[in-house]
Amino acid sequence: MWQKIANLILRNRLFIIGAITLLTVFFGYHAMTGLKIDNKYGNMLPKSSPAQSSYLKFKEMFGEDGSALVLCINNDSLYNERNFLKWKELGDSILQYNGVESIVSEATLFTIHNNKAENKFEAKRIFSDITFQEKSVEDIFKEIRRNPVYQNVLYSDTAKVSLMLIGIDEKYLADQKKADVVIDIEKVAAAYEPYFGKIRYAGLPHLRVIIGKKVINEMYIFIGLSIGFTSLLLWLFFRSVRVVMICNIVVFISVVWSMGSIGLMGFNISILMALIPPLMIVIGIPNCIFLLTKYHQEFRQHGNKVKALSRVIQKIGTATFLTNFTTALGFSTFIFTNSEKLTEFGIVASINIIAVFFISITILPIVLSFSKEPKYRHLKHLDRKFANGLINKIIHLTIARRKLVYTTVIIVVGLSIVGLFKIEATGNITSDLPEGNQILQDVEFLQDKFGGAIPFEIMIDYKAKPRLFSKDLLEKVEAVQERYSADSLFAKSLSIVDFIKVINMAYYGNDPNQYRLISSRDKLRLKKYLDNFNMTNANGGGFSIKELVDTSRTTLRIRTQMRDIGSYEVAQKVDSMKVRIDSLFNPGRPENERLFTLIKKGKQEYIDSLIFGNPSIYNELTSLYSKGDEEKQYAFDMDPDKIKNYYSNKGFEDSLRLAIDKDYYDIQLTGTAVVASEGTQYLVINLFTSLLYAILAISILMAILFRSWRMVIISLIPNLIPLLFTGGIMGWFGIPLKPSTLLVFSIAFGISVDDTIHYLAKYRQELKLKKFDIKQCVILAIREAGLGMFYTSIVLFCGFSVFMMSEFGGTKALGLLISLTLLVAMITNLLVLPSLLLSLEKRITTKSFTEPYFDVYDEESDMDWDDLKIEKNNDKE
């Protein structure tokens, strides 16, 4: 097959170059026009998950929970005429930008006044006279401070901090170009620092846009660094600028294709997706090394360039394809995580890794066919002097010091297992930002001064519209707010209760002592006021009841912000809050459920206790049976025992269940804090699953390759040890387990198993030639494959190390841990795998192992991995 492929490639060079050029232009166009930043930070849940469903329901009713950009200043000098005017001026100038929906600050607030003559409320701006003739700046200060609703929402006198909340249209935040409005606003604000001192920025719009920009910038930096490092390594290996340029053509095309495929598929650039272009470079360069080394080896043997190129494709086409395929297999397991972002990452990565193989196996031989024949100085790297000491040391350890190898492995594995138990799982929203990062400092500043920075929402479905302004519901909401106002994890909360308290205070002449719920005797007097008043103001400055209640769906919200703590701590807090809030709103639930369980078991004598002990359940049940018929409902009202006639009816238990459920308040906790927490936990579980899939899939592939399950088990050992080692390192050095670090294991396993395939293929070939002389076969396999494994591992180590230069802790840890894992995998494949083969000898070397379905390497002309060497050479191109 590969003979035909070689002929096809070399006889259709211009056509293939033309086709690849057109494809590159096509993908380049989509890379230029289709790439968009994914700045929806923290949400990794699938749409089908309950937490995601609740969040989407919340957004449908109330909009985005974190659409406000926050400017934060020290307010020591805010209340003088010049600075207060500047604060207003800043807000007014920001309001002119497209996409800015509202500005709320101490310079834009309203006070509600009671117009007793017309029995209505009127909202008037606290500050409207810029000459300060109507009110002095001291009067403005006092008027704002008299209204408790603004305290610890817009200002904190204890912390001496004031905020400006800038509402931004989500459509602008989601658009890569329009999102620059956030940066423009921050530039405008920075110009006012001479008046207010350092201005801090917070809020999800700030996080989303700034981090999104950093992701894109880092992607291009990583591409540059990857090309730089790999070019240097190529020059050290081959000492040829021509070789470096040819290999860079391959990786350039690979990068363009990868970026274009992201845009073509409609995927966005996230922190994960930004890793793919540099990954193509890291994975593509080893392909180039394999092909070039074989080409030089073949050419030195017979001096025929065309024959050498043809045999390169024939002899190592299968091996190169399999190494790329197993790597792609490792990435493809992310497709099964059910996380949209990870699925997209897995699809793009696995497809492009196969594309890298296609580009390498075509472009490299074609370009070399047009190039001059390699000269003697280009072949000097085949002299094999560099690695003799390394290879001999490996052979000595394998043959004579296997006990030392096994003892070392046992100690390392033991320590690693201990370290595994020390790993802590986390994943808060800002956990990937390094200490000292300005974004992190600003978020922490806001948390310290106001109690929280990440949106947290409580939704309460009160089921029936008459319940909304009932004393029972309002007091329960107030109780929830009071309970968590003392909790250091939360900022001050807002709900319809605060709206009612502001109304009541306004009715009594804005007396702060009247900032409380409306009394029963005042409800009728205030009804006309409430019917004629809506606290919605143009350009912000107040609260709208629509932001706090969706009357069409009988749902109200309690909005607050939470500290950015670990995902598992958030989950524990949410679980405890659900129990406490539910017990507050539905105190009768345990008893109701106990009675209903007994009724389900056939004990109908408990029906009366459940129904007549709960008038609201009785009313719901009779309403179901009367179906809007007023006469039937009246009959139930006059004779409560009439409901007993329905006890024996078919479907009565279902109706009773429905009546019980309609009586309950439904409580849902959501917001960015919750979905980020749930997303992290979800991904940790699914990434463990994807690792198992990777191990299983690659095990099956190796079983097909080697036709021996015993050999598969042996081959897995040197590839599982590095994973244990990395897990142990994480535990001992306090590197937390989170999605970004958990990715390491599947990726590294898919790549490291390539060395195992190369080594075992060489070993199997030698078995045929040496007639089962196990010791000789192991030594020859090390000599033939060892140096190539070493070189490719160095390339991969350096390639992944560039990610350690990232500003994001997760990307930095991913680069460090994958590099470390691949380095250990190289050592275990060169030492542990040969040692196991020698120790177990013929117990694992079966006839089926030596007679595979197909050969990975051609028997007559195998690739000498140790023919590639680094040698000091002063010759020039």
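What you see is a predicted model, and the numbers here were worked out from it, not measured in a lab. (Residues numbered from 1 in each chain as written. Predicted model: local features only at pLDDT ≥ 70, side-chain atom pairs only at ≥ 80, totals over all residues. Heavy atoms only, no water.)

Undergrad: Looking at this structure, I do not really get the overall build of the protein chain. What am I missing?
TA: In terms of regular secondary structure, the protein chain is built from 31 helices and 11 strands. C-alpha atoms of the protein chain, sized along the principal axes, occupy 110 × 80 × 55 Å. Within the protein chain, the fraction of its 877 residues that count as buried is 59%. Across the protein chain, the fraction of contacts at a sequence separation of at least 24, relative to all contacts at a separation of at least 6, is 80%. Counting every atom, the protein chain has about 37000 Å² of accessible surface; 57% of that belongs to carbon and sulfur. (Helix = DSSP H or I, 4+ residues; strand = E, 2+ residues; numbered from the N terminus. Buried < 20%, exposed > 50% of the residue type's maximum accessible area, 1.4 Å probe, protein only. Contact = heavy atoms within 4.5 Å. Areas by Shrake-Rupley, 256 points an atom, 1.4 Å probe, with all protein chains shown as cover.)

Undergrad: Sorry if this is basic, but what is going on with the pattern of salt bridges here?
TA: A side chain with one charge may pair with a side chain of the opposite charge, provided their charged atoms come close. Within this structure, the stated rule accounts for 26 salt bridges. In this structure, the salt-bridge partner of K88 is D92, at a minimum N-O distance of 2.8 Å. Note that K88 and D92 are positioned in helix 4 (residues 81-95) at a spacing of 4 residues, about one turn of the helix. Linking E457 and R557 is a salt bridge whose minimum nitrogen-to-oxygen distance equals 2.8 Å. (Salt bridge = Lys/Arg side-chain N within 4 Å of Asp/Glu carboxyl O.)

Undergrad: What's the story with the packing of aromatic side chains in this structure? I'm lost.
TA: The description of two aromatic rings rests on the distance between their centres and on the angle between their planes. In this structure the tally under the stated criterion is 29 aromatic pairs. Considering the side-chain rings of Y484 and F490, the 5.8 Å spacing of their centres and the 70° angle between planes classify their relative orientation as edge-to-face. We classify Y484 as buried; its relative accessible area is 7%. Each member of the aromatic cluster is reached from another via a ring pair, and the members are Y79, F84, F127, F132 and F141. Taking NZ or CZ as reference, R589 lies 4.1 Å from the ring centre of Y664, over its face. (Phe/Tyr/Trp six-rings, centres within 6.5 Å; stacked < 30°, edge-to-face > 60°. Lys NZ or Arg CZ within 6 Å of the ring centre and 35° of its normal.)

Undergrad: Help me out: how do you make sense of the confidence of the model for the protein chain in this one?
TA: Close reading of the predicted structure is inappropriate where its pLDDT is low. Per-residue pLDDT for the protein chain averages 84, and the proportion of residues at 70 or more is 92%. Note that pLDDT drops below 50 for residues 535-541; the model gives that stretch 26 contacts with residues more than four away or on any other chain. The low-confidence segment residues 859-877 (pLDDT under 50) makes 82 contacts with residues lying over four places distant or belonging to another chain. (pLDDT = per-residue confidence, 0-100.)

Undergrad: Just checking my understanding: could you explain unusual backbone geometry for this structure?
TA: Trans peptide bonds make up most of the peptide bonds, and negative phi angles are found at most residues other than glycine. The phi torsion at F132 lies on the positive side, around 65°, for a residue other than glycine. On the secondary structure map, F132 appears in the loop between strand 4 (120-125) and helix 5 (137-146). The backbone of K160 sits at a positive phi, close to 55°, despite the residue not being glycine. Summarising the element assignment, K160 is placed in the loop between strand 5 (155-156) and strand 6 (161-168).

Undergrad: Before we go on, may I ask you to explain the packing of helix 11 (residues 276-302) against helix 13 (residues 340-370) in this structure?
TA: For any two helices packed against each other, the geometry comes down to the angle between their axes and how far apart the axes lie. Between helix 11 and helix 13, the shortest axis-to-axis distance is 9 Å and the interhelical angle comes to 35°. The way helix 11 lies across helix 13 gives a crossing that is right-handed. Residue-level contacts link I276, M280, I283, G284, N287, C288, L291, L292 and Y295 of helix 11 to F345, V348, A349, N352, I353, V356, F357, S360, I361, L364 and L368 of helix 13. Among the residues forming the contact of helix 11 with helix 13, the class breakdown is 16 nonpolar, 4 polar and no charged. (Axes fitted to C-alpha atoms, helices over the stretch in contact; angles between N-to-C directions. Left-handed = near helix turned anticlockwise from the far one by under 90°. Nonpolar A, V, L, I, M, F, W, Y, C, P; charged D, E, K, R; others polar.)

Undergrad: For this particular structure, what's the right way to read the state of the cysteines?
TA: A disulfide bridge is the covalent bond that connects two cysteines by way of their sulfur atoms. One pass over the structure, following the stated rule, counts 0 disulfides. We note that C247 lacks a disulfide partner, and the nearest cysteine sulfur, in C288, lies 3.9 Å from it. (Disulfide = S-S within 2.5 Å.)

Undergrad: Help me understand helix 3 (residues 50-62) in this model?
TA: An α-helix turns once every 3.6 residues. As a result, residues three or four positions apart point the same way. Relative to the 18 Å expected for 13 residues at 1.5 Å per residue, helix 3 spans 18 Å between its end C-alpha atoms, a close match to the ideal helical length. Buried within helix 3 we find A51, Q52, S54, Y55, F58, M61 and F62. After helix 3 finishes, the residue G63 shows a positive phi value of roughly 85°. (Expected span 1.5 Å × (residues − 1).)

Undergrad: Would you explain the pairing of strand 2 (residues 100-104) in this entry?
TA: The two faces of a sheet get side chains in turn, since along a regular strand they alternate between them. Where burial is concerned, most of strand 2 is hidden: 4 out of the 5 residues are buried. By the bridge criterion, 4 bridges tie strand 2 to strand 6 in an arrangement that is antiparallel. When the sheet's bridge partners are listed, V104 is paired in strand 6 with L165. (Pairing = 2+ DSSP bridges.)

Undergrad: Would you explain the sheet that holds strand 8 (residues 454-461) in this entry?
TA: By definition, the strands of a sheet pair up through backbone hydrogen bonds, in either a parallel or an antiparallel sense. Spatially, 9-10-8-11 is the arrangement adopted by the 4 strands of the open sheet, whose pairing is antiparallel. One side of each edge strand has no neighbouring strand; the edge strands of this open sheet are strand 9 (549-550) and strand 11 (666-670).

Undergrad: Could you clarify how one ought to interpret the packing of helix 21 (residues 589-600) against helix 25 (residues 652-663) in this entry?
TA: Here helix 21 crosses helix 25 at 175°, and the two axes come no closer than 11 Å. One way to sum up the angle between helix 21 and helix 25 is to call them roughly antiparallel. Every residue of helix 25 that contacts helix 21 at E593, F596, I599 and K600 is listed here: E653, L656, R657 and I660. (Parallel < 35°, antiparallel > 145°, perpendicular 65-115°, else oblique.)

Undergrad: Quick question: what am I supposed to make of the side chain of D754 here?
TA: One can find D754 in helix 28 (residues 739-770). Taking the relative accessible area as the measure of exposure, D754 reaches 10% and is therefore buried. Engagement of the side chain of D754 in a polar contact is seen with the side chain of T326, the distance being 2.3 Å. In this structure, D754 is in contact with T323, T326 and T327, ignoring residues within four places of it in sequence. (Polar contact = N/O pair within 3.5 Å; in protein donor to acceptor, adjacent residues only side chain to side chain.)

Undergrad: Sorry if this is basic, but what is going on with the environment of L692 here?
TA: Examined against the element boundaries, L692 turns out to sit in helix 26 (residues 672-706). According to the relative accessible area criterion, L692 is exposed, its value standing at 58%. Through-space distance from the C-alpha of L692 to that of F745 is 10.0 Å; in sequence the pair is 53 residues apart.

Undergrad: Whenever I open this one, the pairing of strand 6 confuses me. Can you help?
TA: Across the 8 residues that make up strand 6, a large majority, 7, are buried. For strand 1 (residues 68-74) and strand 6, the ladder comprises 7 bridges, and the chain directions are antiparallel. Directly across from L69, in strand 6, lies its bridge partner I166. Bridge count for strand 5 against strand 6 is 2 bridges, and the pairing is antiparallel. Pairing of S156 across the sheet is with V161, part of strand 6. Where strand 5 folds back on strand 6, the antiparallel hairpin that results is connected by 4 residues, among which K160 adopts a positive phi of roughly 55°.

Undergrad: So what exactly am I meant to see when it comes to the side chain of T362 here?
TA: On the secondary structure map, T362 appears in helix 13. A residue is classified by how much of its surface remains accessible, and T362, at 3% relative accessible area, is buried. Among the polar contacts made by the side chain of T362, one reaches the main-chain carbonyl oxygen of F358 at a distance of 2.7 Å. Excluding residues within four positions of it along the chain, T362 makes contact with I9, I16 and I20.

Undergrad: Honestly, the environment of D180 in this entry has me stumped. Any pointers?
TA: The residue D180 is located in helix 7 (residues 180-190) in this model. Along the primary structure D180 and I210 are separated by 30 residues, whereas in three dimensions their C-alpha atoms are 9.3 Å apart. Among the polar contacts listed, one links the side chain of D180 to the side chain of K213, at a separation of 2.8 Å.

Undergrad: Please explain helix 12 (residues 305-332) as it appears in this structure.
TA: For helix 12, built from 28 residues, the straight-helix expectation of 40 Å at 1.5 Å per residue is met to within 8% by its first-to-last C-alpha distance of 37 Å. I316 marks the point of greatest bend in helix 12, at about 55°. Structurally, the start of helix 12 carries an N-cap: the backbone nitrogen of V306 is 3.1 Å from a side-chain oxygen of N304. (Bend = angle between axes of the 7 residues up to and from the residue.)

Undergrad: How should I be thinking about the environment of S839 in this particular structure?
TA: Tracing the chain through its elements places S839 in helix 30 (residues 809-840). Using a relative accessible area of 28% as the deciding quantity, one classes S839 as partly exposed. Filtering out sequence-adjacent residues up to four positions away, S839 remains in contact with R402 and Y406. Side-chain polar atoms of S839 contact the side chain of R402, separated by 3.2 Å. Here Y406 takes part through its side chain, which lies 2.5 Å from a polar atom of the side chain of S839.

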